[in-house]
Amino acid sequence: MVKIDTSTEVIGLIGDPVEGSLSPRLQNWAIDRLDLDYRYFAFPVKKGTVEEAIVGANSLGIKGLNVTAPHKKVAAKKMDELSGAAKSLGAVNTITFTDEGKLKGYNTDWKGFVNSLKLTGFEPRGKRCLVFGAGGAAAAVVFGLIREAPSRIVIVNRTEAKAAKLAREMEGLSPGVDLEVRPLSGTDIGKKIERSDLVVNATSVGTGSTEAETIWKTDSNFNPDQLVYDLIYNPDPTEFLKLARNAGSKTVSGLDMLILQGLESLKVWTEEEFNPGPMVDELRDHLRQQVG
Ligand code: ATR
C-alpha cells in the first residue's frame, strides 16, 4: 500500500499529449525501489498555458516537473536559471523549484542517451557516428556524443539546412570532432553508414502513423561490428532495428534512453546519489508491459 500524506513530495510531467506516457510508471517504480516519499503524476498542459502551469506548480509546492513535447523550448525561456546543457540545447526537460521559489531548468535527455550507450559497453571516444535527424531529439544525441569526443559525427536529415543549423550550433562545443552534414537523399549515405561504429535514428520515422516505415530502407549497409540505436521505443523493435538485427548489428531501443533520462531527472529532484544502471533491466521489463 502506497503511503501518501502531507510530507509526500509531488513531481510530475507536463506535455500535450501525456496520455500513454511511460514516465509515471517509470518514476513511481523507481520511487518505490529507492523507498522515497514522492509520487509522480502526468498533467496535460496545452500550448499557451505552459507558463501558468509552471508558476502554478511552484505555488502549489510541487517539487519538480518533467517537460515533454511540445513545451521543451518554451519552458527554457521561462526559467530563472538554466544548466549548461539546457542553455546549449535551448530545451528543458526537467524543472526544479528552489526553496526561494526560483525556476531552474535542466536537460537530462543527452545524459540518458550517453549513459545508455555506456551501459551497452559502447565507448564513443574516437568512434565514427552517424545520426539521422536534426530536431530536438537529434540535438540531444549530438550534444551528448560531442562531450564524449568521437572522431566524427555525420548528421543526415531530409531537410539538409536543418542539419547544417544543428551542426553550426554544436560546432563551438566540439573542437576535434569532425561534424559533417548530409541530405538523406545523398548518394553516399550507404557508404557513410558502412563506415560508422554507431548509427542512430533520431527522426520520428518508425512510430505512430509511420510505424511500418524506416528511415533507412535496406539492411545491406549495416554490419555486425556496429551498434544501431533507435530513439523510438514504441514499437520495440522498430522496422529500422529489425533491419540492423538482420545484418547482425547490436541494437538498442529508445526505452533505455527514456529510462536513463528519467532516472537522471529523479536524481535532480531528490538530490539522491544512486546508480541507475542496476535498475534498467527490471524497468525495461516493467515498461514493456505498458508498451505492449
Ligand atoms: P523531435 O523534437 O522529436 O526531434 P522534430 O523536431 O519534429 O521532433 O524532428 C523530427 C525529425 O524527424 C526531423 O529531423 C525530421 O526531418 P526534417 O527536418 O526534414 O523535417 C525527421 N522526419 C520526420 N518525418 C520524416 C520523414 N517522413 N522522412 C524523413 N525524415 C523525417
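Residues numbered from 1 in each chain as written. Predicted model: local features only at pLDDT ≥ 70, side-chain atom pairs only at ≥ 80, totals over all residues. Heavy atoms only, no water.

Novice: What is the right way to look at the pairing of strand β3 (residues 64–67) in this model?
Specialist: Within a regular strand, side chains alternate between the sheet's two faces. A two-sided burial pattern is seen for β3, the buried positions comprising G64 and N66 on one face and L65 and V67 on the other. Relative to β3, strand β1 (residues 9–15) is paired through four bridges, and the arrangement is parallel. The residue of β3 that forms the bridge with G12 is L65. Where β3 and strand β5 (residues 94–97) come together, three bridges link them in antiparallel fashion. Its bridge partner being in β5, G64 is matched across the sheet by T96. (Buried < 20%, exposed > 50% of the residue type's maximum accessible area, 1.4 Å probe, protein only. Helix = DSSP H or I, 4+ residues; strand = E, 2+ residues; numbered from the N terminus. Pairing = 2+ DSSP bridges.)

Novice: What should I look at first to understand the sheet that holds β1 in this one?
Specialist: Through backbone hydrogen bonds, the strands of a sheet pair up, either in parallel or in antiparallel fashion. The strand order β2-β1-β3-β5-β6-β4 describes an open sheet built from six strands, whose pairing is mixed. Looking along the sheet, the strands with just one partner apiece sit at the ends: β2 (38–44) and β4 (81–82). Across the sheet, helix α1 (residues 23–33) lies against β1, β2 and β3, angled at about 170° from β2, the strand it touches most. Sheet contacts for helix α10 (residues 254–270): β1, β2, β3, β5 and β6 (103–106); angle to β5, the most-contacted strand, approximately 10°. (Contact = heavy atoms within 4.5 Å. Axes fitted to C-alpha atoms, helices over the stretch in contact; angles between N-to-C directions.)

Novice: Help me understand the site of the ligand in this model?
Specialist: Around the ligand, the surrounding shell holds 14 residues, and the nearest of these are A134, N157, R158, T159 and K162. One nitrogen or oxygen atom from the side chain of N157 is found 2.7 Å from an oxygen atom belonging to the ligand. A distance of 2.5 Å separates an oxygen atom of the ligand from a polar side-chain atom of T159. Expressed as a share of its isolated accessible area of 640 Å², the protein-covered part of the ligand is 65%. The residue makeup of the shell around the ligand, split by class, is five nonpolar, seven polar and two charged. (Near = heavy atom within 4 Å. Polar contact = N/O pair within 3.5 Å; in protein donor to acceptor, adjacent residues only side chain to side chain. Areas by Shrake-Rupley, 256 points an atom, 1.4 Å probe, with all protein chains shown as cover. Nonpolar A, V, L, I, M, F, W, Y, C, P; charged D, E, K, R; others polar.)

Novice: Help me out: how do you make sense of the packing of α1 against helix α11 (residues 280–291) in this one?
Specialist: Packed helices, taken two at a time, are described by their axes: the angle between them and the distance between them. Where α1 contacts α11, the two axes come as close as 10 Å, and the packing angle between them is 140°. Considering the relative orientation of α1 and α11, their crossing is right-handed. Residues R25, L26, W29 and R33 of α1 pack against E282, L283, H286, L287, Q289 and Q290 of α11. In the contact of α1 with α11, the residues fall into four nonpolar, three polar and three charged. (Left-handed = near helix turned anticlockwise from the far one by under 90°.)

Novice: Any chance you could explain the side chain of T251 here in plain terms?
Specialist: Note that T251 resides in strand β12 (residues 250–252). At 2.9 Å, the side chain of T251 and the side chain of R245 are in polar contact. When residues no more than four places from it in sequence are discounted, the contact partners of T251 are L227, V228, L241, A244 and R245.

Novice: What am I meant to see in the pattern of salt bridges here?
Specialist: Proximity of charged atoms lets side chains of opposite charge pair with each other. Going through the model one piece at a time under the given rule, you end up with 19 salt bridges. A salt bridge links K267 to E264; the shortest N-O distance between them is 3.5 Å. Of this pair, K267 and E264 both sit in helix α10, three residues apart, which is roughly one turn of that helix. You'll find K267 and E264 in the same group, each marked buried. Connected through salt bridges with shared partners, the residues K3, D5 and D37 form a single ionic network. (Salt bridge = Lys/Arg side-chain N within 4 Å of Asp/Glu carboxyl O.)

Novice: Is there a simple way to explain the environment of R195 in this structure?
Specialist: Inspection of the secondary structure assignment puts R195 in the loop between α8 (189–194) and β10 (198–201). Along the primary structure R195 and N223 are separated by 28 residues, whereas in three dimensions their C-alpha atoms are 9.6 Å apart.

Novice: Is there a simple way to explain the packing of aromatic side chains in this structure?
Specialist: Each aromatic ring pair is characterised by the separation of its centres together with the angle its planes make. Counted under the stated rule, the structure contains seven aromatic pairs. Relative to W216, the ring of F132 has its centre 6.1 Å away and its plane inclined at 25°; by these criteria the two rings are stacked. Linking F132 in strand β7 (residues 128–132) with W216 in the loop between β10 and β11 (227–230), this pair joins segments that are 84 residues apart in sequence. Across this residue pair, the class does not change: F132 and W216 are buried. Consider the rings of F222 and F240, whose centres lie 5.8 Å apart with planes at 85°: the pair is edge-to-face. Residue F222 is located in the loop between β10 and β11, and its partner F240 is located in helix α9 (residues 239–246); the two are separated by 18 residues in the primary sequence. There is no split in this pair, since F222 and F240 are both buried. One Lys or Arg, K127, reaches over the ring of F122 and ends 4.9 Å from the middle of that ring. We note K267 situated over the ring of F274; from NZ or CZ to the ring centre the distance is 5.8 Å. (Phe/Tyr/Trp six-rings, centres within 6.5 Å; stacked < 30°, edge-to-face > 60°. Lys NZ or Arg CZ within 6 Å of the ring centre and 35° of its normal.)

So far we have only geometry, and geometry alone does not tell us how the molecule works.
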